Amino acid sequence: MKIAVASDHGGYELKEKIKRHLIECGHEVVDVGTHSTTSVSYVDFGHRACDEVKNGSCERAILVCGTGIGMSVVANKHKGIRAALCTNAFMADMARRHNDANVLVLGARVLAIPYAMILVDVFMSEPFDGGRHLERVNQIAKLEEDFCE
Ligand code: RB5
């Protein structure tokens, strides 16, 4: 799968580890930055990664900031993006199976690195359940059509 990754300075170290892990697992990774621990705005980098998904260049994205909150707020401003801020494996599982989340958001100051990797693996491997959940995802798309530019 082709996947965009992004972080701010707070998420840089975890983003780098996720990137390496995804490549080792055979995925193609587009790293839109940031590329150091110098302080930057999560808004810029979250937006870049979501654009990659929105324009069809990447299938999914993984975003990391300190808490994950800023990145998830930014990501969910994008039409067609269903970003899930997850703090445990159950949430990552449900984000895929019930919400068809196409963006995983993690807080680097919230999760231990090995546990964050488990969430990444769940997000990358679990399918969407469809059925009644598809109807709800379609409802979200309709809301976007009706209320977002
Ligand atoms: C940066 O210090 C921090 O505010 C950011 O990484 C994130 O937690 C924002 O939601």
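Quick summary incoming for the structure in this document.

Reading the values: rules and limits
- Residues numbered from 1 in each chain as written.
- Predicted model: local features only at pLDDT ≥ 70, side-chain atom pairs only at ≥ 80, totals over all residues.
- Heavy atoms only, no water.
- Helix = DSSP H or I, 4+ residues; strand = E, 2+ residues; numbered from the N terminus.
- Rg over C-alpha atoms; globule rule 2.2 N^0.38 Å.
- Buried < 20%, exposed > 50% of the residue type's maximum accessible area, 1.4 Å probe, protein only.
- Contact = heavy atoms within 4.5 Å.
- Near = heavy atom within 4 Å.
- Polar contact = N/O pair within 3.5 Å; in protein donor to acceptor, adjacent residues only side chain to side chain.
- Nonpolar A, V, L, I, M, F, W, Y, C, P; charged D, E, K, R; others polar.

## Here's the deal with the overall build of the chain
Across its full length, the chain holds 6 helices and 5 strands. Walking the chain from its N terminus toward its C terminus, one meets helices and strands in the order β-α-β-α-β-α-β-α-β-α-α. Against the compact-globule benchmark of 15 Å for 149 residues, the chain has a radius of gyration of 14 Å, which places it among compact chains. With respect to the three principal axes, the spread of C-alpha positions in the chain is 40 × 30 × 25 Å. Within the chain, buried positions represent 47% of all 149 residues. Contacts spanning at least 24 positions in sequence make up 69% of the contacts within the chain whose residues lie at least 6 apart.

## Digging into the site of the ligand
Close contacts around the ligand come from Asp8, His9, Tyr42, Cys65, Gly66, Thr67, Ile69, Gly70 and Arg109, and that covers them all. One of the backbone N or O atoms of Gly66 is found 2.7 Å from an oxygen atom in the ligand. A distance of 2.9 Å separates an oxygen atom of the ligand from a polar atom in the backbone of Thr67. Across the shell around the ligand, the residue classes tally to 3 nonpolar, 4 polar and 2 charged.

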